[in-house]
Amino acid sequence: MTEWYCYKDKVQMLDTKITLSYMQMVQEVPGIQCPKCGAAYLSEKVVRTVVRAAEELIEEK
Ligand SMILES: [Zn+2]
């Protein structure tokens with residue numbers, strides 16, 4: 001598994017849950033957070049997965 005480091009603090013990012021709002025949908029997704037400055041990021045893979053799922057839901061309507 002890839003290890004992530006905060007680009008500012010050079011400390012290892014920790015796993016966390018991020019509340020994501022997208023197209024009026026709110027969901028918790030896995031992400032990473034810097035324990036020092038609190039910056040949180042989603043992995044690119046997660047973003048793609050969530051956005052695609054949301055688009056499919058919308059298209060079904
Ligand atoms: Zn940081």
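The sections below set out a description of the structure shown in this document. Computed from a predicted model, the values in this text were never measured in an experiment.

### Considering a negative patch on the surface
Together, Glu55, Glu56, Glu59 and Glu60 line one region of the surface with negative charge. With a relative accessible area of 36%, glutamate 55 lands in the partly exposed category.

### Concerning the sheet that holds strand S2 (residues 25-33)
Sheets are built from strands paired through backbone hydrogen bonds, the pairs being either parallel or antiparallel. Across the sheet, 3 strands lie side by side as S1-S2-S3; this open sheet has antiparallel pairing. Taken across any chain shown, the strands that pair with only one partner, and hence form the sheet edges, are strand S1 (14-22) and strand S3 (40-41). Bridge count for S2 against S3 is 2 bridges, and the pairing is antiparallel. Note on S3: the bridge partner recorded for glutamine 33 is alanine 40.

### Some remarks on the nonpolar core
Ile18, Leu20, Val29, Val46 and Val50 together form the largest nonpolar core, which totals 5 residues. Looking at this core, the elements that each hand over two or more residues are S1 and helix H1 (44-60). Contact partners of valine 29, with chain neighbours within four places excluded, come to Thr16, Lys17, Ile18, Leu20, Leu42, Val46 and Val50.

### Side note on the coordination of the zinc ion
Every protein donor of the zinc ion is accounted for by Cys6 (SG), Asp9 (OD), Cys34 (SG) and Cys37 (SG), and the metal-donor separations fall at 1.7 to 2.4 Å. Seen from the zinc ion, its 4 donor atoms lie at angles of 106 to 113°, and the figure they make is tetrahedral. Given the relative accessible area of 36%, cysteine 37 is considered partly exposed.

### Some words on H1
For H1, built from 17 residues, the straight-helix expectation of 24 Å at 1.5 Å per residue is met to within 8% by its first-to-last C-alpha distance of 25 Å. Residues Val46, Val50 and Ala54 constitute the buried set of H1. One side of H1 carries all its buried residues, which in axial view fall inside an arc of 55°. The outward face of H1, more than 90 degrees from its buried face, is lined by the exposed residues Glu44, Lys45, Glu59 and Glu60. Buried-residue contacts for H1 involve S1 and S2.

Calculation notes
- Residues numbered from 1 in each chain as written.
- Predicted model: local features only at pLDDT ≥ 70, side-chain atom pairs only at ≥ 80, totals over all residues.
- Heavy atoms only, no water.
- Patch = residues over 30% accessible without salt bridge, like charges linked within 9 Å, V, L, I, M, F, W, Y side chains within 5 Å.
- Areas by Shrake-Rupley, 256 points an atom, 1.4 Å probe, with all protein chains shown as cover.
- Salt bridge = Lys/Arg side-chain N within 4 Å of Asp/Glu carboxyl O.
- Lys, Arg positive; Asp, Glu negative; His and termini not counted.
- Charge placed at Lys NZ, Arg CZ, Asp CG, Glu CD.
- Buried < 20%, exposed > 50% of the residue type's maximum accessible area, 1.4 Å probe, protein only.
- Pairing = 2+ DSSP bridges.
- Helix = DSSP H or I, 4+ residues; strand = E, 2+ residues; numbered from the N terminus.
- Core = buried A, V, L, I, M, F, W, Y, C linked by side-chain atoms within 4.5 Å.
- Contact = heavy atoms within 4.5 Å.
- Donors = N, O, S within 2.8 Å, 3.2 Å for Na, K, Ca; no water.
- Tetrahedral: all angles 85-135°; square planar, octahedral: opposite > 155°, others 65-115°.
- Expected span 1.5 Å × (residues − 1).
- Arc of directions from axis to C-beta.

Geometry only, nothing functional implied.
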